[in-house]
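# Coordinate analysis (summary)
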Amino acid sequence: MLDPKPVHRHIDVHEEAYLADLIDLVRQPSISARDEGVTECAEILARQMENMGVKASILPTDGQPVVFGALPSKDPDAFTLLCYGHYDVQPPEPLERWDSPPFEPVVRDGRLFGRGTGDNKGQLLTHVMAASAWKAVHGDVPVNLKFIFDGEEESGSPNLETFVAKNRDLLAADLVLISDGTMHPSGAPLISLGNRGVIGITLKAQGADRDNHSGNKGGVAPNPAWMLIHVLAHTVDPSGKVLVEGFYDDVRAVTETDREIIERLPFDAESFGATMGLPRVTMPKEEYYRRIMLEPYFNINGLISGYTGPGSKTIIPSEAEARIDIRTVVDQRFDDLVEKLRAHIHALDPRVEMHVRGIGGMRPSRTPADHPAIPVIAGAVERARDREPFINLSSGGSLPNAVWPNTLGIPHVGIPYANADENNHSPNENLVLDCFYAGIHTSAEVFAALATARDRGTL
Ligand SMILES: [Zn+2]
C-alpha cells in the first residue's frame, strides 16, 4: 500500500498553489440562475483539472455542461470513487452587503471571501488536489478517481438525473463522495449519510363564487376555511403523526446502529432551542434526532383565507388555501404518497382540491449506517483531522442525492469541509483556509483508507 505521509507533506508545501487555483476559479462568475459565465467557468475548471493531471472533459446536457474528470489507478482491482460537486454559484445580490466584491476573491483573517469559495468551488477542488498530490508523490493514485462537477446545482440540478442515466458506464463507481455544506458548528468534522426528500402540495377549498355576509348567509353558505381546517385536522394529529392510511408503510425501521450513532451526537436543550428562537428543546435527544433524521414531517407553510386587514369584515370567505411541504424519508415514494394523500383528502371532503407543486419533488436518500464504507471513512477523517467525526444519519433538508442509489445503484457519503459560518447563499461567503487545506488532507486520507479496505477485502 502506498504511504499517505509524504502526500500530506506535499499538500503542506503546495498551499499557495492550491489557493491560487481556488482564487482563479472563484474570480469567474458562474451564476446558473441567470446563465452568467457558467460555460466559461467550466472551461477554467477543466483546464485546472488537466493541469493537475486529471483527464477532463466538458460534457453537454440540456442545460449547463457537466465537467467530468478521470484519474485511474494503475491497480486494475482498485476501488472506484466518484466525487460529485458543483461549480455554479448562487447570485451574489445584495451587492451592497458584501465587504469586498463577490467575484474579486480576497484573503482576510485567514479566510478567502468570494461567491462560491465554500459553496462549492473550494470543496470540489479539494478532491482534485488530493488526487494530484498522490499522483505527484507516488506516480499513482490509491483508488480510481472520477469527478462529476454539476453546472446547475444551485438551480436544482434539473438535468443531472438524465445525464447520469445516459452515462452509467462512464460514471460507474463503488461509492459517491460529496463535499458540500459545513462541518459541525463545534468545529468537529461531520459525515453525512443522507437527506430527506420534499413534496410540495397546495390544498384549495372553494365555497361560493364570492364572499358572503356572515349574518345574512351564515349557516347556509358553505365556508371553505372550515372545510380546509376539517381536512387538515384529520390529516395530522396534534403529535405530528400523519393519519393518511399507509403513509408510514415504506419508512425504514430505526436500527441498533442508528441508535448508537444518535447516542454519540451532541445535544444541548438550551443552545439547540436557541437556534430555533425557543428557550429550549422540550423533547429528549433520541426523539429530537429521530424526528429530524429518520421520520417524515407534514408541514403547513402557509394558510390563506378570508379578511386579515385592519378592523373587521364579517364575511364568509369564498376560498381557502393551505400550502404544504412534506419532508419524506427513505423509502417513501413520491407517486405512492401523492396517491394516498389524494384519496385521503377526497374521502374527507371532495370539495377540497389537491395540487402538487413541481414534478417529482426532491427524493429522499440515505446510505445505511452499517454500510462497510462508513467506518473506513470515519477512521480516515479522524486520522486527517485528529478528531472523531460526528455521523449525521440524514440531514433534515433536501438534496439531489437520490440519483446515486436510484439511477447508478451506488451509495453516497458526504464529508462537508466548509466552516459553519461560510455564509453560503449570503453576502460575504467565505472559506476558512485551514478548512480548505484540511479538506485536501482529508480527501487524500480517505482515498488511502478506501484502498486499504479494498486490499483487505472489506470493501
Ligand atoms: Zn448552494
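Refer to the preceding data block for the structure.
Structural notes, computed from the coordinates.

What counts as what
- Residues numbered from 1 in each chain as written.
- Predicted model: local features only at pLDDT ≥ 70, side-chain atom pairs only at ≥ 80, totals over all residues.
- Heavy atoms only, no water.
- Donors = N, O, S within 2.8 Å, 3.2 Å for Na, K, Ca; no water.
- Tetrahedral: all angles 85-135°; square planar, octahedral: opposite > 155°, others 65-115°.
- Helix = DSSP H or I, 4+ residues; strand = E, 2+ residues; numbered from the N terminus.
- Buried < 20%, exposed > 50% of the residue type's maximum accessible area, 1.4 Å probe, protein only.
- Arc of directions from axis to C-beta.
- Axes fitted to C-alpha atoms, helices over the stretch in contact; angles between N-to-C directions.
- Parallel < 35°, antiparallel > 145°, perpendicular 65-115°, else oblique.
- Contact = heavy atoms within 4.5 Å.
- Nonpolar A, V, L, I, M, F, W, Y, C, P; charged D, E, K, R; others polar.
- Pairing = 2+ DSSP bridges.

### A word on the coordination of the zinc ion
Taken together, Asp119 (OD), Glu154 (OE), Glu154 (OE) and His425 (NE2) make up the full set of protein donors to the zinc ion, lying 2.0 to 2.6 Å away. Its four donor atoms give the zinc ion angles of 53 to 135 degrees at the centre, a pattern that matches the irregular case. All donors of the zinc ion come from a single chain, and their spacing in sequence reads D-x34-E-x270-H. Separated by 271 residues along the polypeptide, Glu154 in the loop between strand E6 (144–150) and helix H5 (160–166) and His425 in the loop between strand E18 (412–414) and strand E19 (430–432) bring together distant segments of the chain. Of the residues examined, Glu154 reaches a relative accessible area of 15% and is grouped as buried.

### Here we look at helix H7 (residues 224–233)
Every α-helical turn comprises 3.6 residues, leaving residues that sit three or four positions apart pointing alike. All buried positions along H7 are accounted for by Pro224, Ala225, Met227, Leu228, Val231 and Leu232. Down the axis of H7, the sector holding all buried residues measures 160 degrees, keeping them to one side.

### Brief notes about the packing of helix H2 (residues 15–27) against helix H14 (residues 433–455)
Geometry of a packed helix pair, given as the angle between the helix axes and the separation of the axes. Relative to each other, H2 and H14 sit at 105 degrees, their axes nearing to 11 Å. Classified by the angle between their axes, H2 and H14 sit roughly perpendicular to one another. Contact residues: Glu15, Tyr18, Leu19 and Leu22 in H2; Leu433, Phe436, Tyr437 and Ile440 in H14. Partitioned by chemical class, the residues of the contact of H2 with H14 number seven nonpolar, no polar and one charged.

### Here we look at the sheet that holds E19
Taken in spatial order, the three strands make up an open sheet running E4-E5-E19, and their pairing is antiparallel. Both outer strands of the open sheet, strand E4 (106–108) and E19, are each paired with one neighbouring strand and no more. Mean inter-strand twist for the sheet, computed between neighbouring axes without regard to direction, equals 25 degrees. Two elements, E4 and strand E5 (residues 111–113), share three bridges in a ladder whose sense is antiparallel. If you follow Arg108 over to E5, its bridge partner there is Arg111. Packing against the sheet, helix H4 (residues 117–138) makes contact with E5 and E19, and its axis sits at approximately 50 degrees to E19.

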